[in-house]
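Below, each chain spelled out in residue letters.
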Amino acid sequence: MSDTCSAKGCPHPAVHALLWNNPRLHTPERRKVWLACEEHRESLGDFLGSRGLLRDVVVHEPGADLSV
């Protein structure tokens, strides 16, 4: 079973990992992860970016432990 996109209701497999953190809640090195399919990569990235939370976008490797 592949990892699925984090967009609400999206059943598609993830191909991107959006790494983010909230500096008010997390230490600077901590990274939370949202997964995104091709269709939702931009909208999820825009959501995080507009709030100053997006740190990096990388290729998602299915099954990888993304708890950074």
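Note that this is a predicted model, so its numbers are computed, not measured. (Residues numbered from 1 in each chain as written. Predicted model: local features only at pLDDT ≥ 70, side-chain atom pairs only at ≥ 80, totals over all residues. Heavy atoms only, no water.)

The next point concerns the nonpolar core. Counting residues in hydrophobic clusters, the biggest one holds 10 residues: Cys5, Ala7, Cys10, Leu18, Trp20, Ala36, Cys37, Leu44, Leu48 and Leu53. Put simply, the parts of the chain that give this core at least two residues each are β1 (16-20) and α1 (41-50). Once residues within four sequence positions are removed from consideration, Ala7 is found in contact with Leu35, His40 and Leu44. (Core = buried A, V, L, I, M, F, W, Y, C linked by side-chain atoms within 4.5 Å. Buried < 20%, exposed > 50% of the residue type's maximum accessible area, 1.4 Å probe, protein only. Helix = DSSP H or I, 4+ residues; strand = E, 2+ residues; numbered from the N terminus. Contact = heavy atoms within 4.5 Å.)

The next thing to look at is the environment of Gly45. Relative to the elements of secondary structure, Gly45 occurs in helix α1. Residue classification places Gly45 among the buried positions, given a relative accessible area of 6%. C-alpha separation for the pair Gly45 and Thr27, spaced 18 residues apart in sequence, amounts to 21 Å. Apart from residues no more than four positions distant in its own chain, Gly45 is found in contact with Leu18 and Leu54.

Our next topic: the sheet that holds strand β2 (residues 32-36). Spatial ordering of the open sheet is given by β2-β1-β3, a layout of three strands whose pairing is antiparallel. The open sheet is flanked by β2 and β3 (54-59), the only strands paired with a single partner. Each strand of the sheet is rotated relative to its neighbour by a mean of 25°, with strand direction disregarded. (Pairing = 2+ DSSP bridges. Axes fitted to C-alpha atoms, helices over the stretch in contact; angles between N-to-C directions.)

This next bit is on the packing of aromatic side chains. The full count for this structure, using the stated rule, is two aromatic pairs. Three or more aromatic residues link up through ring pairs in this structure, and these residues are Trp20, Trp34 and Phe47. Lying across the ring of Phe47, Arg51 places its NZ or CZ 3.7 Å from the centre. (Phe/Tyr/Trp six-rings, centres within 6.5 Å; stacked < 30°, edge-to-face > 60°. Lys NZ or Arg CZ within 6 Å of the ring centre and 35° of its normal.)

Mapping Pro11 onto the fold places it in the segment before β1. Taking the C-alpha atoms as reference points, Pro11 and Arg24, separated by 13 residues in sequence, lie 31 Å from one another.

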